[in-house]
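Per-entry structural report
Now for the letters of each chain:
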Amino acid sequence: MFKLFNDLFSRRSSPTSKSEWQPLTRTAAEQRAHTQWVAQQVYLNWAGPYFKAYHFCKAHITSGQGLRAQLLNDGGRHGAVFFYDTSIGPGNFQHFFDFLRDRVLDLGYNLSTSDQRTHHQPSYTETIYKHFLKPQPKDCTETGRCNQRFGTVTIDLVMINKQPGFIRFSSNPYQDAIFTPAHTFDELLDLVLNLPAAPAEVQAKIKQYAKG
């Protein structure tokens, strides 16, 4: 199974795939649940641990415990893969996927598209939910060069046979001279996930949202 995940997360998500991308929408009930999940800061259960797991991986340190992450470096795109753990629960993992989108929006980004695609393979079914974000073009310097911040940002939630597999979180800088130099993915991750540990009352909320 791990080899399957390794093949999947190293593959670039592309609308040119044979499967068609469809708009990703949330029901009113899902949106209310997500708003409540954020208000109760349930994300603190995983933000810091995934941040730590990423830096452990970068430093080639194997903790043997906790959440797992892996580095992503693909043709100028830099990022991280956050593997699902059963202690999280599918509902929380979906909320965490949308939480990453929310955090990037807070950094001055626009949500360009949110899509989903299901592709049936001979031995499994793969579903990808994707948020694609772009920096706001109005933020330009006096020289006319626009602030690209971290470049474009892509967040994928990959499901295998309707079960969570991993979240792929990456940035891809623009190379055009009309943009300022991009900040690094590590700087992006620091702003998004470097958060305090979850207190006991927040840890107690995990089961409430685990099933979705």
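Above this text you will find the structure in question.
These lines cover the structure that appears in this document, whether it is placed above or below. None of the values given here were measured: they were computed from a predicted structure.

**So, the packing of helix H2 (residues 28–39) against helix H4 (residues 90–105)**
Contact geometry for H2 and H4: axes closest at 10 Å, N-to-C directions at 75°. By the angle between their axes, H2 is roughly perpendicular relative to H4. For the pair H2 and H4, the contacting residues are Glu30, Ala33, His34, Trp37 and Val38 in the first and Asn92, Gln94, His95, Phe96, Asp98, Phe99, Arg101 and Asp102 in the second. Partitioning the contact of H2 with H4 into residue classes produces five nonpolar, four polar and four charged.

**Things to note about helix H3 (residues 47–58)**
For H3, spanning 12 residues, the distance from its first C-alpha to its last is 17 Å, which sits close to the expected 16 Å at 1.5 Å a residue. When H3 is considered as a whole, its buried residues turn out to be Ala47, Gly48, Tyr50, Phe51, Ala53 and Tyr54. Turning to H3, the residues buried within the fold contact strand E2 (69–74), strand E3 (77–83), H4 and helix H5 (185–193). The positive-phi residue at the C-terminal boundary of H3 is histidine 60, with phi of around 60°.

**Quick word on the sheet that holds strand E7 (residues 163–172)**
Consider a sheet: its strands pair through backbone hydrogen bonds, and that pairing is either parallel or antiparallel. The seven strands are arranged E1-E4-E5-E6-E7-E3-E2 in an open sheet whose pairing can be described as antiparallel. Each end of this open sheet is capped by a strand with a single partner; those strands are strand E1 (22–23) and E2. One ladder, built from six bridges, connects E3 with E7; its direction is antiparallel. Paired with phenylalanine 82 across the two strands is isoleucine 167, which belongs to E7. Here H3 sits on the sheet and contacts E2 and E3; the angle it forms with E2, its principal contact strand, is near 65°. The strands touched by H5 are E3, strand E6 (152–160) and E7; relative to E7, the strand with the most contacts, the crossing angle is about 125°.

The rules behind these values
Residues numbered from 1 in each chain as written. Predicted model: local features only at pLDDT ≥ 70, side-chain atom pairs only at ≥ 80, totals over all residues. Heavy atoms only, no water. Axes fitted to C-alpha atoms, helices over the stretch in contact; angles between N-to-C directions. Helix = DSSP H or I, 4+ residues; strand = E, 2+ residues; numbered from the N terminus. Parallel < 35°, antiparallel > 145°, perpendicular 65-115°, else oblique. Contact = heavy atoms within 4.5 Å. Nonpolar A, V, L, I, M, F, W, Y, C, P; charged D, E, K, R; others polar. Expected span 1.5 Å × (residues − 1). Buried < 20%, exposed > 50% of the residue type's maximum accessible area, 1.4 Å probe, protein only. Pairing = 2+ DSSP bridges.

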